[in-house]
Amino acid sequence: MSDPNKEFDGIRQADNPLPEWWKWVFLGCILFAGVYAVYFHVFSDWGTSAYYASQIQEYEKEFPNRNVAVESKDGSNPLRGNQDAINAGQKTFQTYCVACHGPTGEGLVGPNLMDKEWLHGSTDLELYETVMKGISIERAKLGRGPMPAHENSLGSEKVYQVLAWLASRNPELKSSK
């Protein structure tokens, strides 16, 4: 039989039982957790779906027109020339596009957007489709990298704002009218 009082590296291990109060606290915690879980999941009307719905309502109150889709019937940019849209487009460009197209739009990994050469079309409609749908690696030209689709990340309003900013900076960008 082995010795219940073992010694390792000068530390003696005694085989003492846990104190009674510790056992009762431990048992109480387990019982409380069980009662709380049953109450929360069965008898309580608060849940994650109700909390999520309340968060959505608060967000929609704070930002009422966040997901408004801007449409163009003739393919032209409806925000072209709108100074508020141009300012918002510049901010969006500085946030999302600057990593590939550079701070002034003169290109890094992505192509130069301020010259006369346009790789994937130079009209509002062509550029809108390019930004919304992206450029796959197979369609990339002149050794430039692919472009992610911004249909879900930016949406039509922000894309049209960026295109309005580009049109204000580059006279080569043609309207689709």
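Coordinates for the structure precede this section.
Computed from a prediction, not measured in an experiment: that's the story for all the values here.

**Student:** Mind laying out the packing of aromatic side chains, listing which residues take part and the relevant values?
**Tutor:** One pass over the full model with this rule turns up five aromatic pairs. Ring geometry for Phe-32 and Tyr-36: centres 6.0 Å apart, planes at 20 degrees, overall stacked. Of this pair, Phe-32 and Tyr-36 both sit in helix α1 (residues 20–43), four residues apart, which is roughly one turn of the helix. Residue classification places Phe-32 among the exposed positions, given a relative accessible area of 59%. A centroid spacing of 6.2 Å and a plane angle of 15 degrees characterise the contact between Tyr-36 and Phe-40, whose relative ring orientation is stacked. Taken together, the positions of Tyr-36 and Phe-40, both in helix α1 and four residues apart, correspond to about one turn of that helix. The exposure class of Tyr-36 is partly exposed, given its relative accessible area of 45%. Three or more aromatic residues link up through ring pairs in this structure, and these residues are Phe-32, Tyr-36 and Phe-40.

**Student:** Could you give an account of the nonpolar core, naming the residues involved and the relevant values?
**Tutor:** Across soluble globular proteins, you tend to see nonpolar side chains buried next to one another. The biggest cluster of nonpolar side chains holds 23 residues, and the ones touching the most others in it are Phe-93, Tyr-128, Val-159, Leu-163, Trp-165, Leu-166 and Leu-173. Contributions of two or more residues to this core are made by α3 (83–101), α4 (124–133) and α5 (155–169). Broken down by element, the residue count for this core peaks at eight residues, all from α5. Those residues within four positions of Leu-166 in sequence are excluded, and the remaining contacts are Phe-93, Leu-113, Met-114 and Leu-173.

**Student:** Break down the packing of α4 against α5 for me, citing the residues and quoting the values.
**Tutor:** At a closest axis distance of 10 Å, the pairing of α4 and α5 adopts a crossing angle of 125 degrees. One element, α4, and the other, α5, form an angle in the oblique class. At the point where α4 passes α5, the crossing takes the right-handed sense. Two secondary-structure elements touch here, α4 through Asp-124, Leu-127, Tyr-128, Val-131 and Met-132 and α5 through Gly-155, Ser-156, Val-159, Tyr-160 and Leu-163.

**Student:** Explain the environment of Leu-125 residue by residue, including any values.
**Tutor:** If you trace the backbone, Leu-125 turns up in helix α4. Along the chain, Leu-125 and Thr-95 lie 30 residues apart, while their C-alpha atoms are 23 Å from each other.

**Student:** Quick rundown of a nonpolar patch on the surface? Include the residues and the values.
**Tutor:** Nonpolar side chains collect at one region of the surface, where Leu-18, Trp-21, Trp-22, Val-25, Phe-26 and Ile-30 lie side by side and expose about 650 Å² of accessible area between them. By the secondary structure assignment, Ile-30 is in helix α1.

Quick notes on the rules
- Residues numbered from 1 in each chain as written.
- Predicted model: local features only at pLDDT ≥ 70, side-chain atom pairs only at ≥ 80, totals over all residues.
- Heavy atoms only, no water.
- Phe/Tyr/Trp six-rings, centres within 6.5 Å; stacked < 30°, edge-to-face > 60°.
- Helix = DSSP H or I, 4+ residues; strand = E, 2+ residues; numbered from the N terminus.
- Buried < 20%, exposed > 50% of the residue type's maximum accessible area, 1.4 Å probe, protein only.
- Core = buried A, V, L, I, M, F, W, Y, C linked by side-chain atoms within 4.5 Å.
- Contact = heavy atoms within 4.5 Å.
- Axes fitted to C-alpha atoms, helices over the stretch in contact; angles between N-to-C directions.
- Parallel < 35°, antiparallel > 145°, perpendicular 65-115°, else oblique.
- Left-handed = near helix turned anticlockwise from the far one by under 90°.
- Patch = residues over 30% accessible without salt bridge, like charges linked within 9 Å, V, L, I, M, F, W, Y side chains within 5 Å.
- Areas by Shrake-Rupley, 256 points an atom, 1.4 Å probe, with all protein chains shown as cover.
- Salt bridge = Lys/Arg side-chain N within 4 Å of Asp/Glu carboxyl O.

Honestly, it's all geometry; don't read function into it.
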